[in-house]
Amino acid sequence: MFIAMKPHATAAEFEAVVEKIRALGFTPHPIVGTERKVVAVIGHTTGLDPEDLFGTMPGVAEALRVSQPFKLVSREVKEEDTVLDVDGVPLGGRAISVLAGPCSVESREQILETARAVKRAGARFLRGGAFKPRTSPYEFQGLREEGLKLLALARETTGLKVVTEVKDTETLPMVAEYADVLQVGARNMHNYSLLERLGTIEKPVLLKRGLSATIKEWLMAAEYVVSRGNHRVALCERGIRTFETMTRNTLDINAVPVLKALTHLPVIVDPSHGIGLRAHVPAIARAGVAAGADGIIVEVHPSPEKALSDGHQSLSLSEFEELMKQVRVIAGAIGRPIPA
Ligand code: PEP
Ligand code: MN
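Note on numbering: residues in each chain are counted from 1, in written sequence order. Labels are handed out in written order, letters beginning with A for the chains and numbers beginning with 1 for the ligands. It should be noted that, the model being predicted, local features are given only for residues of pLDDT at least 70 and side-chain atom pairs only at 80 or more, the latter also being counted only at that level, while totals for whole chains, interfaces and linings use all residues. The basis for every side-chain value is the complete set of heavy atoms in the structure, and neither hydrogens nor water enter the calculation.

Caption draft 1: Geometry of the domain arrangement of the chain. Domains assigned within the chain are domain 1 (2–64) and domain 2 (84–333). For domain 1 versus domain 2, the separation of C-alpha centres amounts to 35 Å. An automatic or database domain assignment supplies the start and end points of every domain.

Right, here's the structure in full:
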């Protein structure tokens, strides 16, 4: 259940609600928005009447049950969009967030050249994997800590914020030391021990959709992180498995408006993994923005044909520059700026 306070409720009135929740043996989860203050009650509240318990307390506007199984991430509990503050750079919100970079960090030259180019084109986040969960154990697994160091160097050089994948709980402390945003890959969306650990650290999380996960399962995965105390989570639609074999995955464009209605978390679209074909990545990136995504994450490489992973779906530097011009037009048409 959740209790929404009146706009002018006092701090003491809010505290009294929080105290009552504790006294009942539940954990209060304050959700602070700019429009209204809400506190969610997590635990087995079945059989309790929210209105009876909290409805008449001073400062309380309403006390309701959350109808969805995901609670803290639901739009019911928090109406306004969540914007993640990544060290001063917003992820989510009205402006379209652009995250770009190679699938894997490969060398100093490769990451610096890409970082400079994507920044010039308008990206504010640099993506790049240092720990790569590859389908085949014989394929390039990433430069590991060396890759993280190169990402940190690229951040120092360009000011871009670093988004990189965390593969397991063992390497989480190391990855968290270098990353500004921790990416949870599709293969790990159901890794509940990793999600729980991510809930206890102070780093934003980009949670990719599992290969065959339903929207509900994905939102429940986000709930794992948020319910442990880390409210900075963004969702990334990266395509799902379907019967189609002409494309790598099927980007579920439906998920974008559906998520925007169900959750307050930012929604990012990954057209690169979503279709898996370089020639068609721009079309899907444009579609994602047109459908209402809060951002895009795009694989970009200085020489895609030589990339150690996902070259077939990576844009060249000039292709990315061209894409950004197109995306600006689409974003502008629906009243969403992309800061220069
Ligand atoms: C990636 O971003 O390079 C990646 C491995 O993505 P996913 O987990 O969506 O397959
Ligand atoms: Mn990739």
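So that's the structure; there's more coming.
Caption draft 2: Layout of the pattern of salt bridges. Here a salt bridge means any side-chain nitrogen of Lys or Arg lying within 4 Å of a carboxyl oxygen belonging to Asp or Glu. Inspection of the entire model under this criterion finds 15 salt bridges. The partner of Asp180 in a salt bridge is Arg155, and the shortest N-O contact between them spans 2.8 Å. Here Asp180, found in the loop between α5 (172–178) and β10 (181–184), pairs with Arg155, found in helix α4 (residues 145–158); they are 25 residues apart in sequence, far enough to count as distant. For Arg336, the salt bridge goes to Asp294, with nearest N and O atoms at 2.8 Å. Residue Arg336 is found in the segment after α11 (317–333), and its partner Asp294 is found in the loop between α10 (281–290) and β14 (295–299); the two are separated by 42 residues along the sequence. Each residue is assigned to one of three classes by its accessible area relative to the maximum for its type, calculated with a 1.4 Å probe on protein chains only: buried under 20%, partly exposed between the two thresholds, exposed over 50%. Residue classification places Arg336 among the buried positions, given a relative accessible area of 12%. Several salt bridges converge on common partners, so that one network encompasses Arg75, Asp81, Lys260, Asp294 and Arg336. Only DSSP runs of H or I reaching four residues or more are called helices, and only runs of E reaching two or more are called strands; each is numbered from the N terminus.

Caption draft 3: Examining the packing of helix α7 (residues 215–227) against helix α8 (residues 255–262) more closely. For every element, the axis is a line fit to its C-alpha atoms; helices are fit only across the contacting stretch, and the angle between N-to-C directions ranges from 0 to 180 degrees. Interhelical geometry of α7 versus α8 gives an angle of 50° and a closest axis separation of 12 Å. Taken together, α7 and α8 sit at an angle that is classed as oblique. Of the two possible hands of crossing, α7 and α8 adopt the one that is right-handed. Of the residues in α8, those in contact with Ile215, Trp218 and Leu219 of α7 are Ala255, Val258, Leu259 and Leu262. Any angle between 65 and 115 degrees counts as roughly perpendicular, while under 35 counts as roughly parallel, over 145 as roughly antiparallel, and the rest as oblique. By definition, turning the near helix anticlockwise from the far helix through less than a right angle yields a left-handed crossing, and turning it clockwise yields a right-handed one. For this analysis, residues touch if any pair of their heavy atoms sits within 4.5 Å.

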